Amino acid sequence: MASLGVDSEQEPLLGDRTPGSREWDIIETEEHYKSRWRSIRILYLTMFLSSVGFSIVIMSIWPYLQKIDQTADASFLGWVIASYSLGQMVASPLFGLWSNYRPRKEPLIVSIFISVAANCLYAYVHVPASHNKYYMLAARGLVGFGAGNVAVIRSYIAGATSLQERTSSMANTSACQALGFILGPVFQTCFALIGEKGVTWDVIKLQINMYTAPVLLGAFLGILNIILILTILREHRVDDTGRQCKNINFEEASTDEVQVPQGNIDQVAVVATNVLFFVILFIFALFETIVTPLTMDMYAWTREQAVLYDGIILAALGVEAVIIFMGIKLLSKKTGERALLLGGLIIIWVGFFVLLPWGNQFPKIQWEDLHNNSIPNTTFGEIIITLWKSPRDDHSEEPTGCPVEQAWCLYTPMIHLAQFLISAVLIGIGYPSCNVMSYTLYSKILGPNPQGVYMGWLTASGSAARILGPVFISQVYTAWGPRWAFSLVCGMVVLTITLLGVVYRRLIAFSVRHGRIQE
């Protein structure tokens, strides 16, 4: 029997196997064991490349959009940013349904091919004589559509791991996703050395510059990913105890595999977990969105300073998230997933409570007439612009401080830098904990049955949260200021904790609920 303690990702998390236990009698050949984990690691890579595909161009979309289409404005930028999540939200349930009834290679390869084609389209959006911005919108939407394979990836990993392996595998998956979000902007920064002009391949009208090189790299990595999936990925399914199960979506199941255990899924727990996951991603999306305008308003940072300092802060939070993902694998042994989810939500609440303005010190007021020197923070797209606005557009000294157009600047105390940093650290601890625990609990609630459609709905709820979170915070922050904005977020977290308390006893594994395994 292959040992499950070789690597951290296979380490038992819910108790060791002992002679006489049900798990002790489970036999898995070494060949099957190695094939199963090779396939899972290929999907770790796929998850990493999917998140890189989103973040590798996120810092250059605005200047590239301005370059290819002068009619593009801030509101259209918001649609371009949101199109990725919209595409993913639509595609996730579809790919999930597909993976329930066919070999999971099929939706994986098709989705990655769509992303490759979309990246190539993005590299050519400068070619049409008009309506270039709509081609960019379509390209980013299709990249998001291809990213709907996240549901297939998590469904596969959930079905190919036992309960003992599940939390660790889900943590590794989330760590790969977070690492992709961290390294994507780093790759973009390296390609900035090419410059805007770059080189042009006239025969095929291809421009290779700081805007197109990242997506061309993404297309190349996508093709490599398809090759790896075709050559290495194999269909594997095990039940909650680790026994091989018959793959209903794969024709070559061996005769010695056991049938998937039957039983009803707790739909109340499923719906509650979807709501919890939506709120968790909603809160983190709005925090990421508000970081730049908040620091510019409170600390009178210039655009250059905000991009630099906030970039460092968000990168540090990404590293912190990877560390938390790894630490959760050890901590879950002692506390359990539900307790970690509850603890993560409490930490997030404390983080936003710390962020509330206190005292009698007020931010510097930006009295200057702004006109074209900066853009008021009124929409999601306009908030995003602060990340890309080029210093070359400044014809005079850039005004800094809290714009007088935001009336709350005159009477709302400032948020001290120490407050902001402490809040960021706390949210950086709470969010990854809640993220992994949501996925892990969800997969255990669903049990050994095919999870593609259910994972698709969970992914779609997260995509909707990433769309609505920035819109919510941009409107509330601009109109009422940080005190109201973060108070509402605190109230939202309290309601979420209350919901978790109500369904706490229902968030248990399928096999535990049906009495096949003791919790």
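Residues numbered from 1 in each chain as written. Predicted model: local features only at pLDDT ≥ 70, side-chain atom pairs only at ≥ 80, totals over all residues. Heavy atoms only, no water.

## Topic: the overall build of the protein chain
Across its full length, the protein chain holds 16 helices and four strands. Within the protein chain, the proportion of its 519 residues that are buried is 57%. Long-range pairs, those at least 24 residues apart, make up 82% of the contacts in the protein chain with a sequence separation of at least 6. Total accessible area computed for the protein chain in this model is approximately 21600 Å², and 66% of it derives from carbon and sulfur atoms. (Helix = DSSP H or I, 4+ residues; strand = E, 2+ residues; numbered from the N terminus. Buried < 20%, exposed > 50% of the residue type's maximum accessible area, 1.4 Å probe, protein only. Contact = heavy atoms within 4.5 Å. Areas by Shrake-Rupley, 256 points an atom, 1.4 Å probe, with all protein chains shown as cover.)

## Focus on the packing of aromatic side chains
A full pass over the atoms with the stated rule returns 17 aromatic pairs. Aromatic side chains F95 and W98 sit 6.3 Å apart centroid to centroid with 25 degrees between the ring planes, which places their arrangement in the stacked category. Of this pair, F95 and W98 both sit in helix 3 (residues 74–101), three residues apart, which is roughly one turn of the helix. Using a relative accessible area of 4% as the deciding quantity, one classes F95 as buried. Residue class for W98 comes out partly exposed when judged on its relative accessible area of 29%. Plain terms: the ring middles of W408 and Y477 are 5.1 Å apart, the flat faces sit at 65 degrees to each other, and that makes the pair edge-to-face. Taken together, the residues span a long stretch of sequence, with W408 in the loop between strand 4 (402–403) and helix 13 (417–446) and Y477 in helix 14 (residues 452–480) at a distance of 69 residues. What links up through ring pairs into an aromatic cluster is the set Y299, W301, Y309 and F420. The ring of Y439 is capped by R154, whose NZ or CZ atom sits 3.4 Å from the centre of that ring. (Phe/Tyr/Trp six-rings, centres within 6.5 Å; stacked < 30°, edge-to-face > 60°. Lys NZ or Arg CZ within 6 Å of the ring centre and 35° of its normal.)

## Here's the deal with the environment of G144
Along the chain, the position of G144 falls in helix 5 (residues 132–146). Separated by 29 residues in the primary sequence, G144 and S115 have C-alpha atoms spaced 7.7 Å apart. For G144, the contacting residues outside a window of four places in its chain are Y84, G87 and Q88.

## Some words on the nonpolar core
Among the nonpolar cores identified, the biggest contains 95 residues, and F287, L294, L341, F352, M455, F486 and L507 are the most heavily contacted of them. A total of 18 residues in this core trace back to one element, the largest contributor, which is helix 9 (residues 267–299). Domain assignment of the residues forming this core places at least three in each of domain 1 (29–245) and domain 2 (266–366 + 400–518). Counting 25 residues, the second largest nonpolar core, distinct from the first, contains I58, W62, Y64 and V125. (Core = buried A, V, L, I, M, F, W, Y, C linked by side-chain atoms within 4.5 Å. Domains from an automatic or database assignment.)

## Overview of unusual backbone geometry
Backbone geometry follows two general trends: most residues other than glycine have a negative phi, and most peptide bonds adopt the trans configuration. A positive phi angle, close to 55 degrees, is found at H131, a residue other than glycine. Summarising the element assignment, H131 is placed in the loop between helix 4 (105–123) and helix 5.

## Details of the side chain of E165
Relative to the elements of secondary structure, E165 occurs in helix 7 (residues 163–191). Note on E165: relative accessible area 2%, which makes it buried. For E165, the side chain forms a polar contact with the side chain of R36, separated by 3.0 Å. (Polar contact = N/O pair within 3.5 Å; in protein donor to acceptor, adjacent residues only side chain to side chain.)

## Topic: the packing of helix 11 (residues 337–354) against helix 13
In the contact formed by helix 11 and helix 13, the axes pass within 7 Å of each other and the chain directions differ by 155 degrees. The orientation of helix 11 relative to helix 13 falls into the category roughly antiparallel. Once helix 11 is placed against helix 13, the crossing between them reads as left-handed. In the contact of helix 11 with helix 13, the residues fall into 16 nonpolar, eight polar and three charged. (Axes fitted to C-alpha atoms, helices over the stretch in contact; angles between N-to-C directions. Parallel < 35°, antiparallel > 145°, perpendicular 65-115°, else oblique. Left-handed = near helix turned anticlockwise from the far one by under 90°. Nonpolar A, V, L, I, M, F, W, Y, C, P; charged D, E, K, R; others polar.)

## Focus: helix 5
Counted at 1.5 Å a residue, the expected span for helix 5 with its 15 residues is 21 Å, and the 21 Å between its end C-alpha atoms agrees. Listing the buried residues of helix 5 in full gives N132, K133, M136, A139, R140, G141, V143, G144 and G146. (Expected span 1.5 Å × (residues − 1).)

## Let's talk about the confidence of the model for the protein chain
The predicted model of the protein chain has a mean per-residue pLDDT of 80, with 82% of residues at 70 or higher. Contacts for the low-pLDDT stretch residues 369–378, under 50 throughout, to residues beyond four places or in other chains number 22 contacts. Across residues 386–396, confidence stays below pLDDT 50; counting only partners more than four residues off in sequence or on other chains, it has 24 contacts. (pLDDT = per-residue confidence, 0-100.)

## Description of the packing of helix 4 against helix 8 (residues 213–232)
The geometry of helix 4 relative to helix 8 is characterised by a closest axis approach of 8 Å and an angle of 165 degrees between their N-to-C directions. On the basis of the axis angle, helix 4 is roughly antiparallel to helix 8. Crossing of helix 4 against helix 8: the hand is left-handed. Here K105, L108, I109, I112, F113, V116, N119, C120, Y122 and A123 of helix 4 lie close against helix 8, whose contacting residues are V215, L216, G218, A219, G222, I223, N225, I226, I229 and L230. Split into classes, the residues belonging to the contact of helix 4 with helix 8 amount to 15 nonpolar, four polar and one charged.

## What to know about the state of the cysteines
Evaluation of the coordinates by the stated rule reveals one disulfide. The partner cysteine of C402 in its disulfide is C409, sulfur to sulfur 1.9 Å. The sign of the S-S torsion, about -55 degrees, decides the handedness of the disulfide formed by C402 and C409: left-handed. Note on accessibility: C402 and C409 belong to one class, buried. (Disulfide = S-S within 2.5 Å.)

## Observations regarding a nonpolar patch on the surface
Taken together, the side chains of W201, V203 and I204 define a hydrophobic patch exposed on the protein surface, amounting to about 340 Å² of accessible area. Using a relative accessible area of 73% as the deciding quantity, one classes V203 as exposed. (Patch = residues over 30% accessible without salt bridge, like charges linked within 9 Å, V, L, I, M, F, W, Y side chains within 5 Å. Salt bridge = Lys/Arg side-chain N within 4 Å of Asp/Glu carboxyl O.)

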